[in-house]
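Report on the structure
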Amino acid sequence: MAVRIGDEAPDFSADTTEGTLQFHSWIGDSWAILFSHPKDFTPVCTTELGYMAKLKPEFERRNCKVIGLSIDPVSDHHAWMGDIEETQGCAVNYPMIGDPDLHVAKLYDMIHPNASGDKARTAADNATIRSVFLIGPDKKVKAMLTYPMSTGRNFDEVLRLLDSCQLTAKHKVATPVNWKQGEDVIIVPAVSDADAKAKFPDGWKAPKPYLRIVPQPK
């Protein structure tokens, strides 16, 4: 079954490098990033896992937990984590889900529902398990990204995306192209001019009636 923005993120129980967890309980009242990998000991993913470990404090500062997934067993993850620390200069500091039977990958519609978890599967067989899911405290999917195996994901962009989703969940604004924290935002069309005057008493710039630009709310 397809997972779309606005759907409840499928719950599951899984073994991880930090023990067994129930996903929704683990999220608790936080935001969460779930990012997946098609195989252990793959080069692009090695760089991603190391960079995410370095960036984790920034996610924590935003009340966002990070969890990885790879279709290999947890025992393989532990061996891979040694390589990641050695080559990337940072130890993996978040749980990594073992998904050798593809249970979570199928729950999140990352791979064909009839795919087998056979150990002979290669990274190419699992190429679509290269996704990022941003999940809110309400356990709803807020955003999704999927990359090819040949292209490393931009986790600075994931952090920017989190900033935007958190801001727009709190205020009736949207963020324009290439927006960064602290820059101007846009009043959403659902807010009338009368309501906007109450919410934004200092006014706004409007090059078009539907394009109302205001400083980022605090």
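Keep in mind the model is a prediction, meaning the values are calculated, not measured.

Strands sit in the order β8-β9-β11-β10 across an open sheet of four strands; the sheet is antiparallel. A strand with exactly one partner marks an edge of an open sheet, and here the two such strands are β8 (173–174) and β10 (205–208). In this structure, strand β9 (residues 185–187) lies alongside strand β11 (residues 211–214), joined through two bridges in antiparallel fashion. Across the sheet, the residue bridging to Ile186 is Ile213, located in β11.

Once that is clear, we can look at the pairing of strand β3 (residues 31–37). Taken across its seven residues, β3 has seven buried, putting it largely inside the fold. On β3, burial covers both faces: Trp31, Ile33, Phe35 and His37 on one face and Ala32, Leu34 and Ser36 on the other are all buried. Alignment of β3 against strand β4 (residues 64–70), held across seven bridges, turns out to be parallel. Each residue of the ladder has a partner; that of Ile33, found in β4, is Val66. Relative to strand β6 (residues 131–135), β3 is paired through four bridges, and the arrangement is antiparallel. When the sheet's bridge partners are listed, Leu34 is paired in β6 with Phe133.

Viewed as axis vectors pointing N to C, helix α2 (residues 43–61) and helix α5 (residues 155–170) meet at an angle of 30°, and their least axial separation amounts to 10 Å. As far as their axial angle goes, α5 and α2 are roughly parallel. In the packing of α2 onto α5, the handedness of the crossing is right-handed. The segment α2 lies against α5, with Glu48, Tyr51, Met52, Leu55, Glu58 and Phe59 engaging Phe155, Asp156, Val158, Leu159 and Leu162. Here the contact of α2 with α5 is built from residues that sort into eight nonpolar, no polar and three charged.

Rules behind the numbers
Residues numbered from 1 in each chain as written. Predicted model: local features only at pLDDT ≥ 70, side-chain atom pairs only at ≥ 80, totals over all residues. Heavy atoms only, no water. Pairing = 2+ DSSP bridges. Helix = DSSP H or I, 4+ residues; strand = E, 2+ residues; numbered from the N terminus. Buried < 20%, exposed > 50% of the residue type's maximum accessible area, 1.4 Å probe, protein only. Axes fitted to C-alpha atoms, helices over the stretch in contact; angles between N-to-C directions. Parallel < 35°, antiparallel > 145°, perpendicular 65-115°, else oblique. Left-handed = near helix turned anticlockwise from the far one by under 90°. Contact = heavy atoms within 4.5 Å. Nonpolar A, V, L, I, M, F, W, Y, C, P; charged D, E, K, R; others polar.

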